[in-house]
Amino acid sequence: MMPYPDGFSFPCIHMEETDSTSLCLARLCTEQEVREMTVVTADHQTAGRGQRGNSWESGEGENLLFSTVLYPTFLSAKEQFRLSQVISLAVKETLDVYAEDFSVKWPNDIFWKEKKICGMLLENDLTGIQINRCIAGIGININQEEFHSPAPNPVSLRQITGKKEDLSDVLKQVMERIGMYYELLKSGKGEWIDARYQRSLFRNTGFHDFQDQQGIFTAMVTGIEPGGRLILTDDTGRERRYAFKEVSYLY
Ligand code: BTN
């Protein structure tokens with residue numbers, strides 16, 4: 001394991017090519033003891049994995065593709081959403097350094113205006129009621145100039161700022177912020193993180209159109225439950241609560 005250059009304080013393994021940085025890190029964890037917040041990055045993934053069983057496409061060497069491991073044994077299984085909050089805020093606030101208008105689209109996509117710049121896949125290993133290990137796989141579009149995959153509305157940092165960015169600078173900042181928020185979580189500052197997460201949410205003011213199994217409706221985001229369910233209040237004043245995948249935003 002080699003330390004990453006330029007003052008990067010987390011163990012980091014860089015691969016030119018792997019199937020998936022998350023799979024690679026998970027394999028490493030089964031073979032040896034891996035220090036918390038070790039990072040695996042890759043220029044290219046042959047089987048990059050996305051949410052809902054989708055694949056994750058990325059131009060070779062153009063974007064940040066990485067995974068890191070946490071051992072959040074201080075959290076109960078019911079508190080898994082805390083990890084989404086920590087990582088979403090770390091990515092969103094790093095991107096805020098480069099431009100305006102980033103938000104967290106519940107539960108853990110990062111958007112710039114109406115376009116997706118980052119996706120993440122958190123894979124938690126639960127033992128009983130505890131979270132034994134979390135492998136967080138994060139893909140941030142940094143320097144890609146054109147997107148050809150069917151992914152809806154992708155955007156890269158370069159398309160936003162007009163400038164090419166150094167991948168390792170962005171990685172360093174994201175990891176430092178993950179470290180900071182993770183420490184806050186450990187020291188019981190969950191409510192502070194909740195408030196910050198809520199302020200960072202996509203479309204967190206006014207009424208918008210949503211769709212659930214019953215159809216389309218208009219509602220306002222009024223909160224997030226500690227377990228991560230989205231709380232909406234519709235235009236008739238009725239409160240509705242949704243787990244991930246039970247509701248979608250309409251464009
Ligand atoms: C999504 O579908 O929004 C989640 C995408 C997560 C992609 C990243 S890229 C690095 C890491 N390795 C993977 O195989 N997936 C994640």
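Along every chain, residues carry numbers that run from 1 in the direction the sequence is written. Where local features are concerned, this predicted model is filtered to residues with pLDDT of at least 70; where side-chain atom pairs are given and counted, the filter is 80 or more; whole-chain, interface and lining totals use all residues. Side-chain descriptors were evaluated using all non-hydrogen atoms of the structure, hydrogens and water having been removed beforehand.

(A) Representation of the site of the ligand. Any residue with at least one heavy atom within 4 Å of a molecule or strand is counted as near it. Around the ligand lies a shell of 19 residues, among which Ser20, Gln45, Arg49, Gln51 and Lys116 are the nearest. We call two N or O atoms a polar contact when they sit within 3.5 Å, provided that within protein one can donate a hydrogen and the other can accept it, with sequence-adjacent residues counted only if both atoms are side-chain atoms. Contacts to the ligand include Arg49, whose backbone N or O atom sits 2.7 Å from an oxygen atom. With respect to the ligand, the side chain of Lys116 contributes an N or O atom lying 2.6 Å from an oxygen atom. Within the complex, 98% of the 410 Å² of free accessible area of the ligand lies under protein. Helix and strand definitions here come from DSSP, where helices need a minimum of 4 consecutive H or I residues and strands a minimum of 2 consecutive E residues; each element is numbered from the N-terminal end. Those elements giving two or more residues to the shell around the ligand turn out to be α1 (21-31), β4 (64-70), β7 (115-127) and β8 (130-140). Asp, Glu, Lys and Arg are counted as charged, while Ala, Val, Leu, Ile, Met, Phe, Trp, Tyr, Cys and Pro are counted as nonpolar; the rest, among them Gly, fall into the polar class. When the residues that make up the shell around the ligand are grouped by side-chain class, the tally is five nonpolar, eleven polar and three charged. For every accessible area listed, the method is Shrake-Rupley and the probe measures 1.4 Å; residues are considered covered only by the protein chains on display.

(B) The arrangement of the sheet that holds strand β13 (residues 248-249) in detail. Pairing is antiparallel in the open sheet, where five strands are placed in the order β12-β11-β10-β9-β13. Each having just a single partner strand, β12 (239-242) and β13 make up the two edges of the open sheet. In this sheet, strand β10 (residues 215-224) lies alongside strand β9 (residues 208-212) in antiparallel orientation, the contact comprising five bridges. By the bridge assignment, Gln211 is partnered in β10 with Ile216. Pairing between two strands is assigned when DSSP locates at least 2 bridges connecting them.

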